[in-house]
Amino acid sequence: MSDASVGLTTRQADEGSALSALVRAVEARANDASVNRLIEACVAAGELRDEHGTLVPPGDGPYRIKRPDLSPSQLLQLGVLVDRIRGLDLPVVPHWVAGGRVFTLQLHKAIDLREVAGRSTALAQWVHEQCLESLAEFCEHDALLRTVLTEAECAPVLGFPVSDRHLIAVAKLEGLLRTDVEVPAPMPGGRATLFCDPKPANFLLTGVGDERPKRIDLDLMTYTCPVSLQVILALFSHPVQLPGTGSLDDRFAEAREEAAAHSLDLGALPGESDTMLVYHLIRNFTSSYAVHGTEAGTKAQALAPLLACALEQIPAIAATEPARRIRRLIEQKRQGRAR
């Protein structure tokens, strides 16, 4: 997918509008100051509006604009990466970086794969396959993309701070449960690649024929990340859809085995995916439990039994008492809402 074959003007604004001038500036790689002045003009003219931190044109506008939480050096890295990715045969929504923001083409009426996965067990399995296939494709291009960064004289890519996040999450869990939680630290000793973040929320599907889902949100590619964690994100991101039709324990065990197999295939060490799974579940459970609101409460309630399964099933942990307290904590919260 090259620059010649797709542009921001796929859905062009009126030629005399501020939005049209912004489109042309981004395509021409204008400097950041010029792009930001044009963004301000579009907002002032009502041609861009803020939707949850993302600027979008009213109606059938051509693209979405967001400001990622990245340093200047990471923005430079992301710009180099997305320019090269547009020239690769990857199903990715075209991205541009300009004015400290990320521009992506809109896919109108598209849905993300979380919605698809919830429709049936067969579709959930298909979603997992799409996420894992995308991860494998990005892994195949990893060496090329790293070379592009080196040739552009970018700063070294940062490692995703898994260990630091793990320590914070475990401390939060111990505070919630009022007991020690002995879990092994994440073990990122195997292969690590640029972080493509292949969770279902990062894929859009237009529903046209047999077209593959398209990737969005490539911001985390400015980090390296163990492939084992990326497999876990593909298979265990909320809302988690476990395979099979048996008990929760059996289905969780099957999903663990699948994660381990895919992780090993991509270069992880034996046992690495289990440590990443525990990290992922603890972090997401504690972060959602601490937030008020229906959506966060639903997420915490859904992740709690999975975290309890992980604490009980993974041989290196066998934390039966913390698992029991997690179930009791969620039951108490559920009863409190029912009163």
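Overview of the structure. (Residues numbered from 1 in each chain as written. Predicted model: local features only at pLDDT ≥ 70, side-chain atom pairs only at ≥ 80, totals over all residues. Heavy atoms only, no water.)

What about the overall build of the chain?
Secondary structure assignment for the chain yields 12 helices and 11 strands. For the chain, the spread of C-alpha atoms along the principal axes amounts to about 65 × 50 × 40 Å. Here the chain holds 339 residues, and 49% of them are scored as buried. In the chain, 71% of the contacts between residues at least 6 apart in sequence involve partners at least 24 apart. When the accessible area of the chain is evaluated, it comes to approximately 15800 Å², of which 52% is carbon and sulfur surface. In the chain, which carries 35 positive and 43 negative side-chain charges, the distance between the mean positions of the two groups comes to 7 Å. (Helix = DSSP H or I, 4+ residues; strand = E, 2+ residues; numbered from the N terminus. Buried < 20%, exposed > 50% of the residue type's maximum accessible area, 1.4 Å probe, protein only. Contact = heavy atoms within 4.5 Å. Areas by Shrake-Rupley, 256 points an atom, 1.4 Å probe, with all protein chains shown as cover. Lys, Arg positive; Asp, Glu negative; His and termini not counted. Charge placed at Lys NZ, Arg CZ, Asp CG, Glu CD.)

Considerations on the layout of surface pockets
Estimates place the volume of the largest pocket at around 910 Å³. Lining the largest pocket are 37 residues, and of these Asp197, Lys199, Ser237, Asn284 and Lys299 lie nearest its centre. Counting residues per element, the ones that place at least two in the lining of the largest pocket are α4 (113–117), α5 (121–140), α8 (227–236), α10 (272–289) and α11 (294–313). Considered class by class, the residues forming the lining of the largest pocket number 18 nonpolar, 9 polar and 10 charged. Space inside the second largest pocket adds up to approximately 470 Å³. Considering the residues around the second largest pocket, the lining is formed by 23 residues, among which Thr54, Val56, Arg64, Thr104 and Gln106 are closest to the centre. Residues of the lining of the second largest pocket, tallied by class, amount to 10 nonpolar, 6 polar and 7 charged. (1 Å grid on protein atoms, 1.4 Å probe; cavity = no way out; pocket = protein on both sides within 12 Å on 5 of 7 lines; lining within 4 Å. Points joined across faces, edges and corners; volume = space filled by probe spheres on them. Nonpolar A, V, L, I, M, F, W, Y, C, P; charged D, E, K, R; others polar.)

Some words on the side chain of Asp142
Here Asp142 lies in helix α6 (residues 142–151). Residue Asp142 is classed as buried on the basis of its relative accessible area of 7%. At a separation of 2.8 Å, a polar atom in the side chain of Asp142 contacts the main-chain amide nitrogen of Leu194. Beyond its immediate stretch of four places on either side in the chain, Asp142 contacts Arg191, Ala192, Thr193 and Leu194. (Polar contact = N/O pair within 3.5 Å; in protein donor to acceptor, adjacent residues only side chain to side chain.)

Section: empty space enclosed by the protein
Evaluated as defined, the whole model comprises 1 cavity of 30 Å³ or more. Its boundaries defined by the atoms lining it, the largest cavity holds a volume of some 60 Å³. Lining the largest cavity are 11 residues, and of these Ile85, Arg86, Val92, Val93 and Pro94 lie nearest its centre. The class makeup of the residues in the lining of the largest cavity is 9 nonpolar, 1 polar and 1 charged.

Some details on the packing of helix α7 (residues 162–177) against α10
Two elements in contact, α7 and α10, have axes separated by 9 Å at closest approach and are oriented at 55°. As judged from the angle between their axes, α7 and α10 are oblique. Handedness of the crossing formed by α7 with α10: left-handed. Of the residues in α10, those touching α7 at Val162, Arg165, His166, Ala169, Val170, Lys172, Leu173 and Leu176 are Met276, Tyr279, Ile282, Arg283, Phe285, Thr286 and Tyr289. Considering only residue class, the contact of α7 with α10 consists of 10 nonpolar, 2 polar and 3 charged. (Axes fitted to C-alpha atoms, helices over the stretch in contact; angles between N-to-C directions. Parallel < 35°, antiparallel > 145°, perpendicular 65-115°, else oblique. Left-handed = near helix turned anticlockwise from the far one by under 90°.)

A look at the packing of aromatic side chains
Under the counting rule described, the total for this entry stands at 4 aromatic pairs. Here Phe236 and Phe252 contribute two aromatic rings whose centre-to-centre distance is 5.9 Å and whose plane-to-plane angle is 65°, an arrangement assigned as edge-to-face. On the criterion of sequence distance, the pair formed by Phe236 in helix α8 and Phe252 in helix α9 (residues 248–265) is long-range, its members being 16 residues apart. The two residues Phe236 and Phe252 agree in class, both being buried. What links up through ring pairs into an aromatic cluster is the set Phe160, Phe195 and Tyr223. Stacked on the ring of Phe203, the Lys or Arg Arg215 has its end atom at 5.2 Å from the ring centre. (Phe/Tyr/Trp six-rings, centres within 6.5 Å; stacked < 30°, edge-to-face > 60°. Lys NZ or Arg CZ within 6 Å of the ring centre and 35° of its normal.)

Details of the sheet that holds strand β3 (residues 63–66)
Pairing is antiparallel in the open sheet, where 5 strands are placed in the order β1-β2-β3-β5-β4. Strands with a single pairing partner mark the edges of an open sheet, and in this sheet they are β1 (49–51) and β4 (95–98). When the angles between neighbouring strand axes are averaged without regard to direction, this sheet yields 30°. Those strands touched by helix α2 (residues 32–44) are β2 (54–56), β4 and β5 (101–105), and its axis lies near 65° from that of β5. The strands touched by helix α3 (residues 72–85) are β4 and β5; relative to β4, the strand with the most contacts, the crossing angle is about 145°. (Pairing = 2+ DSSP bridges.)

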